[in-house]
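Results of the structural survey
The lines below spell out each chain.
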Amino acid sequence: MFTKSLWNTFSKDTKFPSLKTDISVDVAIIGGGITGITTALLLKKAGLKVAVFEAREIGKGTTGHSTGNLYVVTDQLFSPIASKYDVEVLKQVVRSRSEAFQLIKNYVQEYNIDCDYKEQDMFIYEDDKTSKIEKEKKIAGDAGIAVTEMTASHNPNTFPFDFENGIVLQEQATFNPLLYVQELARQAQGNNCSIYENTKVEQIEEGENESLLTTSLGKVVAKYVVHATHSPKGVEIQYHTVLGPYREYGVAVKLEDDSMYPDGIYWGHYNNQKFSIRTYNRNGEKFLLCIGKPHKVGQAEDNEQHIQELVTFLEKRFRISEVSFKWGGQHYKPADYLPYIGRKSDNSNQLIATGFSTDGLIYGTLSAIILSDLISNKKNTFSELFKASRHQPLKAAGEFVKENIDVAKEFIADRFNTEDVEIRDIKPGEAKIIEREGQKAAVYRDTEGEISINSALCTHMGCIVHWNNAENTWDCPCHGSRFDLKGEVIEGPAFKALKKIN
Ligand SMILES: Cc1cc2nc3c(=O)[nH]c(=O)nc-3n(C[C@H](O)[C@H](O)[C@H](O)COP(=O)(O)OP(=O)(O)OC[C@H]3O[C@@H](n4cnc5c(N)ncnc54)[C@H](O)[C@@H]3O)c2cc1C
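This text gives an overview of the structure that appears in the document. Residue numbers restart at each chain and count upward from 1, following the sequence in its written direction. pLDDT decides what is reported in this predicted model: residues at 70 or higher carry local features, side-chain atom pairs at 80 or more are listed and counted, and totals for whole chains, interfaces and linings draw on all residues regardless.

**Quick word on the overall build of the protein**
- The numbering of helices and of strands both runs from the N terminus, where a helix is a DSSP run of H or I of at least 4 residues and a strand a run of E of at least 2. A count of helices and strands for the protein gives twelve helices and 24 strands.
- For this measure, only C-alpha atoms enter the radius of gyration; the expected value for a globule follows 2.2 Å times N^0.38, where N is the number of residues. Its C-alpha radius of gyration of 23 Å places the protein within 12% of the 23 Å reference for a compact globule of 502 residues.
- For the C-alpha atoms alone, the extent of the protein along its principal axes is close to 70 × 55 × 45 Å.
- Burial is judged by counting other C-beta atoms within 10 Å of a residue's own C-beta: 20 or more means buried, 12 or fewer means exposed, and anything between counts as partly exposed, with every C-beta placed from the backbone. Classification of the 502 residues of the protein by burial places 46% in the buried group.
- Taking all contacts inside the protein whose residues are at least 6 apart in sequence as the whole, residues at least 24 apart take part in 71%. Remark: residues whose backbone-derived C-beta atoms lie within 7 Å of one another are considered to be in contact.

**Quick notes on the pairing of strand β9 (residues 211–215)**
- Pairing between strands is defined by DSSP: at least two bridges between them are needed. In this structure, strand β8 (residues 201–206) lies alongside β9, joined through five bridges in antiparallel fashion. The partner of I204 across the bridge, within β9, is L213.
- Here β8 hands over to β9 after four residues, the two strands then running antiparallel side by side.
- Where β9 folds back on strand β10 (residues 219–227), the antiparallel hairpin that results is connected by three residues.

**Looking at the site of the ligand**
- Of all residues adjacent to the ligand, which total 38 residues, the nearest are G31, G33, G61, G329 and G360.
- Where the shell around the ligand is concerned, the elements lending two or more residues are α2 (34–45), β11 (243–255), β15 (320–334) and α9 (360–375).
- Looking at the shell around the ligand, the element that brings in the most residues is α9, giving four residues.
- Three classes are used, and their members are as follows: Ala, Val, Leu, Ile, Met, Phe, Trp, Tyr, Cys and Pro are nonpolar, Asp, Glu, Lys and Arg are charged, and the others, Gly among them, are polar. Taken together, the residues of the shell around the ligand sort by class into ten nonpolar, 22 polar and six charged.
- What counts as a domain boundary in this text is fixed by an automatic or database domain assignment. Of the residues that make up the shell around the ligand, three or more belong to each of domain 1 (21–61 + 195–241 + 336–390) and domain 2 (118–174 + 244–329). Each residue receives a C-beta atom placed from its backbone. It is near a molecule or strand if this atom lies within 6 Å of it.

**A closer look at the environment of Y444**
- Looking at the secondary structure, you find Y444 in strand β19 (residues 439–445).
- Sequence separation between Y444 and M122 is 322 residues, and the spatial gap between their C-alpha atoms is 43 Å.
- Setting aside chain neighbours within four positions, we find Y444 in contact with A431, S452 and L485.

**Points about the sheet that holds strand β21 (residues 466–468)**
- The strand order across the open sheet formed by four strands is β21-β22-β23-β24, and the pairing between neighbours is antiparallel. Two strands bound the open sheet, and with one partner strand each, they are β21 and β24 (489–491).
- Here β21 pairs with strand β22 (residues 473–475) via three bridges, running antiparallel. Looking at β22, one finds that W467 is bridged to W474.

**A few points about the nonpolar core**
- Only buried residues count toward a nonpolar core: Ala, Val, Leu, Ile, Met, Phe, Trp, Tyr and Cys, linked into one set through C-beta atoms within 7 Å. One finds V27, A28, I29 and I37 to be the most contacted residues of the largest nonpolar core, which totals 108 residues.
- The greatest single-element share of this core, amounting to nine residues, is contributed by α9.
- Dropping the residues within four chain positions of it, I29 is found in contact with G36, T39, A40, V50, A51, V52, V226 and A228.
- Judged by nonpolar contacts, the second largest core, of 20 residues, contains I453, M461, C476 and L498.

**Overview of the environment of K379**
- As for its position among the elements, K379 is in the loop between α9 and α10 (383–386).
- Separated by 158 residues in sequence, K379 and V221 place their C-alpha atoms 26 Å apart.

**What to know about the sheet that holds strand β20 (residues 451–455)**
- The strand order β18-β19-β20 describes an open sheet built from three strands, whose pairing is antiparallel. Each edge of the open sheet is held by one strand with a lone partner, namely β18 (431–436) and β20. The mean angle between the axes of side-by-side strands here comes to 30 degrees, regardless of whether they run parallel or antiparallel.
- The sheet contact formed by β19 and β20 spans five bridges and is antiparallel. Pairing of R445 across the sheet is with I451, part of β20. Axes here refer to lines fitted to C-alpha atoms; in helices the fit is confined to the stretch in contact. Angles between the N-to-C directions go from 0 to 180 degrees.

**Describing helix α5 (residues 132–142)**
- Within α5 the residues assigned to the buried category are I133, E136, K137 and A140. Angular distribution of buried residues about the axis of α5 spans 105 degrees; they occupy a single face of the element.
- Looking at the buried positions of α5, the neighbouring elements they touch are α3 (79–84), β4 (118–126), β5 (148–149) and β6 (165–174).
- Positive backbone phi, at 70 degrees, marks G144, one or two positions downstream of α5. Throughout, the arc means the angular range of directions from the helix axis out to the C-beta atoms.

Now the structure itself:
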């Protein structure tokens, strides 16, 4: 199966150069998604010399695989934060998200960004009587968050879904996240801000006053390093142990009847499963999006089935003329409901922004505000609440990595070859993990019959990768690193490609 996000279709070519020489900057930003690009723009405005290094193309990571909804609530709704902390913390979270939301709105206006930004009502509802939403309504009220109750007037003709209970948040928004980030990058580029595409950071060595970054093309000296890579690169046990990596899927369909595309953002809760639905309209061409069916990375038996269930959900409620796009995206759930934004550890000049769940278009923008304030020594009201180093590193990290690197070294290529019966029997388009004398290989036969064999050991911390049959990738169930058919890193904390066997 081949997956491609809707947003890629409407992408404008960015064509930023690759790094050609060694350079020196105040701040090196790794990753050109919404977090990295917004951070670069804010730091440039603060008078610093910055450079963004993007391994692939600007905005085409998770940002270009999201739903493109902007809202002040979070995926968990209100009650988990209010219960774990208190209503005051919930208020702060909503206030911080409102500020980041406003920054996006300001940039859309200031730079006249053609990204189909549209203010919308957001409907959060349930189709059973679990009273989940009833509780959320009460907590929102306690925290002074403006929500109204969904009424019979939302049903049945004006509202496309059955519901028992629901709330409405007004003045939320939808946009095309890829067009937004691509244009923001164009606006940031120049005068002390350089943006490089196809430039992968392969190593970071932090010194007392400066860090040295080794990229695939040149070296970079920087006073500060920002990991805007969605999850921090390298072995960062203190973060990997508190981040749950999930894959979640999206489909975009066309409807038979043009008048049936609903306006608004819909979060429907059906038997404790959330489906997120919205319409995208670009110059009159409309699509209905449905996002959901998450699972832990590398832990689904049949990824394609997850995507099919989204299509089935829509088919039960709309007359579909075409399933136009199917895709997957990654997110990292923080253990304590709040993202980790700030210095990697108290004295480090490496800064991170992670644990956004599926709320990172706003949290990524908020990270940019907090990190740029930290670097330019400005006070930030929210930096303490989201402080990244609120968890202490585990001392055992170094030992753990050493153990796993030793395992990888002992891999013996001779044990796996294309004459092996089990390998020979793999059909075109199929993949399998094969074990010989305690060693595991990730084997794939392409549609032309060509076999590729890589070590099945994730280069991050040595877990065994798992085949993803929807996206044709090898996904690591431990910390979410993902590899393409050549074994190259697509995303996650791993720096290095899977070791090639043939
Ligand atoms: C299905 C889904 C739907 C979502 N919907 C929404 C939504 O509606 N609203 C919302 O607010 N959030 C949503 N999110 C969450 C949101 O998309 C993400 O949190 C956000 O896009 C993260 O942005 P980022 O810039 O931090 O990461 P990314 O966009 O992933 O950018 C990180 C970049 O780093 C680059 N990179 C990685 N390693 C290296 C390296 N070694 N060297 C150089 N570059 C590197 C990658 O190529 C990538 O481009 C959704 C997420 C998913 C999975």
